[in-house]
Amino acid sequence: MRAYNYLFYRLYRWSCRWKYDIAPPEWNAFLGVVAIVWCSVFLALEIAELALSVSFLPILSKAQIIFSVAVLVC
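Residues numbered from 1 in each chain as written. Predicted model: local features only at pLDDT ≥ 70, side-chain atom pairs only at ≥ 80, totals over all residues. Heavy atoms only, no water.

A. Expanded view of the overall build of the chain. Of regular secondary structure, the chain possesses 3 helices and 0 strands. Ordered by position from N to C terminus, the α and β elements of the chain give α-α-α. Taken over C-alpha atoms, the radius of gyration comes to 15 Å for the chain, far larger than the 11 Å a tight globule of 74 residues would show. By principal-axis analysis of the C-alpha atoms, the chain measures approximately 45 × 30 × 20 Å. The buried share of the chain, reckoned over its 74 residues, is 11%. The contacts in the chain between residues at least 6 apart in sequence include a share of 41% that link residues at least 24 apart. Working note: accessible area of the chain is about 6,200 Å², and carbon and sulfur atoms make up 71% of it. (Helix = DSSP H or I, 4+ residues; strand = E, 2+ residues; numbered from the N terminus. Rg over C-alpha atoms; globule rule 2.2 N^0.38 Å. Buried < 20%, exposed > 50% of the residue type's maximum accessible area, 1.4 Å probe, protein only. Contact = heavy atoms within 4.5 Å. Areas by Shrake-Rupley, 256 points an atom, 1.4 Å probe, with all protein chains shown as cover.)

Here it is, written out as structure tokens:
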């Protein structure tokens, strides 16, 4: 949990430095953390698929991808 807090803090501070950004920095940091976690989970599943030669994830539609991101946000 401390790693996620640190990652959020670093993204928050980086977002605070942008001069012309209209979005609040906490939203930018939150969405950044969500994107990093989603990509990490997806990468771990892909590595497991390649190592075991088993398909864990079928080809996902756009709606399923959006749903999976929404689940990670909650």
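B. Quick peek at the side chain of E49. Topologically, E49 is positioned in helix α2 (residues 25–52). Of the side chains with opposite charge, K62 comes closest to the buried, unpaired E49, at an N-O distance of 21 Å. For E49, the contacting residues outside a window of four places in its chain are V54, S55, F56 and L57. (Lys, Arg positive; Asp, Glu negative; His and termini not counted. Salt bridge = Lys/Arg side-chain N within 4 Å of Asp/Glu carboxyl O.)

C. View of the side chain of S15. Along the chain, the position of S15 falls in helix α1 (residues 2–16). Ignoring any residue separated from it by four or fewer positions in sequence, one finds S15 in contact with D21, P25 and N28.

D. Examining the packing of α1 against α2 more closely. Running from N to C, α1 and α2 cross one another at 135 degrees; their axes reach a closest spacing of 8 Å. Taken together, the axes of α1 and α2 are oblique relative to one another. The two elements α1 and α2 cross, and the hand of that crossing is right-handed. When α1 is examined against α2, the residues Y4, L7, F8, L11, Y12, S15 and C16 are found in contact with a partner set consisting of P25, E26, N28, A29, F30, G32, V33, I36 and V37. Taken together, the residues of the contact of α1 with α2 sort by class into 12 nonpolar, 3 polar and 1 charged. (Axes fitted to C-alpha atoms, helices over the stretch in contact; angles between N-to-C directions. Parallel < 35°, antiparallel > 145°, perpendicular 65-115°, else oblique. Left-handed = near helix turned anticlockwise from the far one by under 90°. Nonpolar A, V, L, I, M, F, W, Y, C, P; charged D, E, K, R; others polar.)

E. Main features of the environment of A35. Along the chain, the position of A35 falls in helix α2. Taking the C-alpha atoms as reference, A35 lies 8.8 Å from L72; in sequence the two are 37 residues apart.

F. Seen up close, unusual backbone geometry. Although it is not a glycine, S53 adopts a positive phi angle of roughly 55 degrees. Tracing the chain through its elements places S53 in the loop between α2 and α3 (62–73). A relative accessible area of 68% means that S53 is categorised as exposed.

That's the geometry; what it means functionally is another story.
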